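Descriptive structure summary
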Amino acid sequence: METLSHFAPLVALSFVPLMAVRHPTADLIVLDGRDGSDRVTDADLVRRAQGGEAWAHEAIYRRHVKLVAATARRLLRNPSDVEDVVHETFLIAFEQLHRLLDPAALRGWLTRIAVSRVHRRFRWRKVTSLFSGDEPGARLEDQASGDASPDQRAELALIDRALARMPLKLRTPWVLRFVVGQPLDEVAVACECSLATVKRRLAEAEAQVRAHLGEDGP
Amino acid sequence: MSAPHDPTLPERAPLDGVLEAPIDEERIAATWQRVVEARAGRPRPRRVWMPVAALAAAAALVVGYVALDRDGARPAAGPLASRDGASLAIGAEVASTGVTRELSFDDGSQVTLAPEARLEVLANDGAHFVSLLDRASARFSVRPGGPRRWSIETALATVEVVGTVFTVDPQADRLVVTVEKGLVVVRGERVPGRVVSLGAGERLEVLADAPRAADAPAPAPAPSTDAVATAPAPAPSPEVPVAVPGAIVPPSSETPAAAAGTPPRRAEPARAPAPRDDAARVRDDARALAGDDAGPAGADAPALAPEAALREADALRQAGDARAAAAVLERAIAAGGDDAAVGLAAFTLGRIALDALDQPERAARAFARVIELGTPAGLLEDAYARRADALLRAGRTADARAAIDAYARAYPQARRLAALRARLPADP
């Protein structure tokens, strides 16, 4: 159609950049991670989101929502708060994305925001528990998957009790490292402390967990 | 462990493997919607320190609701409900076994499930109704201008609805989307360019073994016919080339769907009105919409409501009378009505005027009306781009320049800006 030819270059241009932009060091960017071919780096996504590309925000969310949710779920005792923490974390992250100087550090930065939101809730509960007693919520063993063996459930229960006695500054890095499975450098970023400090806190927390397991274990 | 060489570090396998998933897909989708809505200026996230304020707000809402209801005003929409009692709670499945099943909804929309089709509800609130369709086809009749945006997920693509009648047929090796009335947007990795909009009488087939948009070569800069089958489909309009079975319509091909140039990602919320310098021109163009350029067909006929006009225009267009279709829409727009339906009618008029009638002035006025109304939000960026395109084609260089500037202010990252600016004559 003759009249459409006027618009064709616009159409072509409008559809090209999303998927045909070349990675600086590799071939075509592929966004579909379902087949393991996800080759867009966090830094790429952050830069594109900082540039205002709305799809990059959603890609960041889809990529990291489970990490943020795991951080909230494993640290919090109240599962109903998890969605709120996830919501707030990404809302804050997207509002402050321009402040992220190292786009490659996105994971740790998101975890840090999530941890801060969780800690806010702990502070609030401290206030409300003055009126309502101890905080309710799910224990770690309540979060066990259907495949978990009885031994694993028993261990989770013991660990849970050990964690409940720990101060937050020890509990948070231990949960991020040994429950969520975060690398040490990201745990340090999330806890806003140095790598040396996080190692020290992990060692201290682990000693308490082991002591508890030794006391109460079979 | 990342540092096994450090003897001071404790060793322990992460426990996440024996714990249940921290969040399920349904909540992931719902939470993303909350993020999108909050970023669009809707309610801020719930703060743990604001329970009293929340209670006060809830009380105010109740009072407001009662007051509005007493005055006969329509209350805010809640989740979509079925008129036949079928559950539409998130996670609910509605299936038809052996026979066709009709579903009617409280917003006036209808869905006809083919035998063995299954519809699973993924999200359902006052603003969205998202469902997953598999096993067989379903025909959707979504009330235009309704309070919710409908999305139908399938294995191969997502179909988003502006207000329309269409059929989604997920087959083993392909997805077939056929639009009877209105407009739908189809998105997916295997949809050429990742997104295609379809108008009345158009049909799209997405093949399961088609290369994903990511793997496909970039669309050619000019229309070509090598990858497009153009044989007629049932009841085609002379102005509306239709994709045929077995073919995928690339966005750069000669189809109105391609020309629609819909935004490459999920529809964005309505933007602020056009800035001052262009706003007056938008208003003038929009006000002139029912002026002297109206088509001759049925000039004295009474105006239909926008929804009825869209149906009538679709029928006329499919019968090959684009001029009469434009006239019907123009009268409906001038008569006014629900903003969303008027906006959709104006956008459709703009497409017809620009693509079928070669009347860029008329198209510019129609797209100006869409911009002025700010709805449908999912077509707003396209309306800005098409208005600028129409003004360029009409030779109104100064107005086109202002329209492009307005487009840039509303959508600074829009990919069509560079191509539009390239068509402007150089400053003297």
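Computed from a prediction, not measured in an experiment: that's the story for all the values here.

Quick notes on the rules
Within every chain, residues take consecutive numbers counted from 1 along the sequence as written. Chain letters start at A and ligand numbers start at 1, both assigned in the order the entries are written. Note on the predicted model: pLDDT of at least 70 is required for a residue's local features to be given, and 80 or more for side-chain atom pairs to be given and counted; whole-chain, interface and lining totals, by contrast, use all residues. What counts as a helix is a DSSP run of H or I of at least four residues, what counts as a strand is a run of E of at least two, and both are numbered from the N terminus. Around each residue's C-beta, the other C-beta atoms within 10 Å are counted; 20 or more make the residue buried, 12 or fewer make it exposed, and counts in between make it partly exposed. All C-beta atoms are placed from the backbone. Any residue pair is listed as a contact if its two C-beta atoms, each placed from the backbone, are within 7 Å. When DSSP locates at least two bridges between a pair of strands, those strands are taken to pair. The axes are straight lines fitted to the C-alpha atoms, using for helices just the contacting stretch, and the angles between their N-to-C directions are given from 0 to 180°. Working definition: roughly parallel below 35 degrees, roughly antiparallel above 145 degrees, roughly perpendicular at 65 to 115 degrees, and oblique for all remaining angles. Note on convention: near helix rotated counterclockwise from far helix by under a right angle means a left-handed crossing. Clockwise means right-handed. Residues are grouped as follows: Ala, Val, Leu, Ile, Met, Phe, Trp, Tyr, Cys and Pro are nonpolar; Asp, Glu, Lys and Arg are charged; every other residue, Gly included, is polar. Any helix carries an expected span of 1.5 Å times its number of residues minus one. Along the chain, pLDDT gives the predictor's confidence residue by residue, from 0 to 100.

1. Here's the deal with the overall build of chain B
For chain B, the count of helices and strands is 11 helices and 13 strands. Within chain B, the fraction of its 428 residues that count as buried is 48%. Within chain B, contacts between residues separated by at least 24 positions form 55% of all contacts whose residues are at least 6 apart in sequence.

2. Some words on the sheet that holds strand β8 (residues 158-161) of chain B
Two orientations exist for strands paired in a sheet by backbone hydrogen bonds: parallel and antiparallel. Residues and elements named next belong to chain B. The strand order β1-β4-β5-β7-β8-β11-β12 describes an open sheet built from seven strands, whose pairing is mixed. What marks the edges here is a single partner per strand, and that holds for β1 (93-95) and β12 (195-198). Neighbour-to-neighbour, the strand axes of this sheet turn through a mean angle of 20°, independent of strand direction. Two strands pair when backbone bridges link them, and strand β5 (residues 128-134) and strand β7 (residues 149-153) are joined in this way by five bridges, in the parallel orientation. When the sheet's bridge partners are listed, Val130 is paired in β7 with Ser151. Against the sheet, helix α1 (residues 25-39) touches β4 (118-124) and β5, its axis set at about 45° to β4.

3. Details of the packing of helix α4 (residues 54-75) of chain A against helix α8 (residues 168-180) of chain A
Packed helices, taken two at a time, are described by the angle their axes make and the gap between the axes. Residue and element names in this part refer to chain A. Orientation of α4 relative to α8, taken along the N-to-C sense of each, is 120°, at an axis distance of 10 Å. With respect to each other, α4 and α8 are oriented oblique. Our pair here, α4 against α8, has a crossing hand that is right-handed. Of the residues in α8, those in contact with Ala70, Thr71, Arg74 and Leu75 of α4 are Thr172, Val175, Leu176, Val179 and Val180. Of the residues contributing to the contact of α4 with α8, the split by class is six nonpolar, two polar and one charged.

4. Quick word on the pairing of strand β3 (residues 110-113) of chain B
Residues and elements named next belong to chain B. Of the two faces of β3, the one lined by Val111 and Leu113 is fully buried and the one lined by Gln110 and Thr112 carries no buried residue. The sheet contact formed by strand β2 (residues 101-104) and β3 spans four bridges and is antiparallel. Bridged to Leu103 within β3 is Val111. The turn linking β2 back onto β3 is made up of five residues, and Gly108 within it adopts a positive phi angle of 95°. Here β3 pairs with strand β6 (residues 138-141) via four bridges, running antiparallel. Across the sheet, Thr112 pairs through a bridge with Arg139, a residue of β6.

5. Description of helix α5 (residues 306-318) of chain B
All names here are of chain B. With 13 residues, α5 extends 18 Å between its outermost C-alpha atoms, agreeing within 8% with the 18 Å of an ideal straight helix rising 1.5 Å per residue. By the burial criterion, the buried members of α5 are Pro306, Glu307, Ala309, Leu310, Ala313, Asp314, Leu316, Arg317 and Gln318. Considering only its buried residues, α5 is in contact with β10 (174-181), α6 (322-335) and α7 (339-356). Looking at the residues trailing α5, positive phi occurs at Gly320, about 95°.

6. Observations regarding helix α8 (residues 360-373) of chain B
Helix length check: α8(B), at 14 residues, gives a terminal C-alpha distance of 20 Å against a target of 20 Å (1.5 Å per residue), a fit within 8%. The first or second residue beyond α8(B) is B:Gly374, which carries a positive phi of 75°.

7. Section: the pairing of strand β13 (residues 203-207) of chain B
Residue and element names in this part refer to chain B. The buried count for β13 comes to four of five residues, which makes it a mostly enclosed element. The sheet contact formed by β10 and β13 spans five bridges and is antiparallel. Looking at the pairing, Val177 lines up with Leu204 of β13.

8. Remarks on the packing of α5(B) against α6(B)
All names here are of chain B. Packing of α5 against α6 leaves a shortest axis separation of 8 Å and a crossing angle of 175°. By the angle between their directions, the pair α5 and α6 is classed as roughly antiparallel. Together, Pro306, Ala309, Glu312, Ala313, Leu316 and Arg317 of α5 and Ala322, Ala324, Ala325, Val328, Leu329 and Ala332 of α6 make up the contact between the two elements. When its residues are assigned to classes, the contact of α5 with α6 shows 10 nonpolar, no polar and two charged.

9. Digging into the sheet that holds β6(B)
Residue and element names in this part refer to chain B. Taken in spatial order, the six strands make up an open sheet running β2-β3-β6-β9-β10-β13, and their pairing is antiparallel. In this open sheet, the two edge strands, each paired with only one partner strand, are β2 and β13. When the angles between neighbouring strand axes are averaged without regard to direction, this sheet yields 15°. Bridging between β6 and strand β9 (residues 165-170) involves four bridges; their strand directions are antiparallel. Looking at β9, one finds that Phe140 is bridged to Phe166.

10. Some details on the environment of B:Ala200
All names here are of chain B. As for its position among the elements, Ala200 is in the loop between β12 and β13. Overall, Ala200 belongs to the buried group, with 25 C-beta atoms counted inside 10 Å. For the pair Ala200 and Glu180, spaced 20 residues apart in sequence, the C-alpha to C-alpha distance is 4.9 Å.

11. As for the confidence of the model for chain B
A low pLDDT score tells you not to read the predicted coordinates there in detail. Residues and elements named next belong to chain B. Counting all residues, the mean pLDDT for chain B is 70, and 65% of those residues have values of 70 or more. Confidence drops under pLDDT 50 across residues 214-276; counting only partners more than four residues distant or on other chains, this segment forms 163 contacts. For the stretch residues 290-299, pLDDT sits under 50, and the model shows 20 contacts to residues farther than four places along the chain or on other chains.

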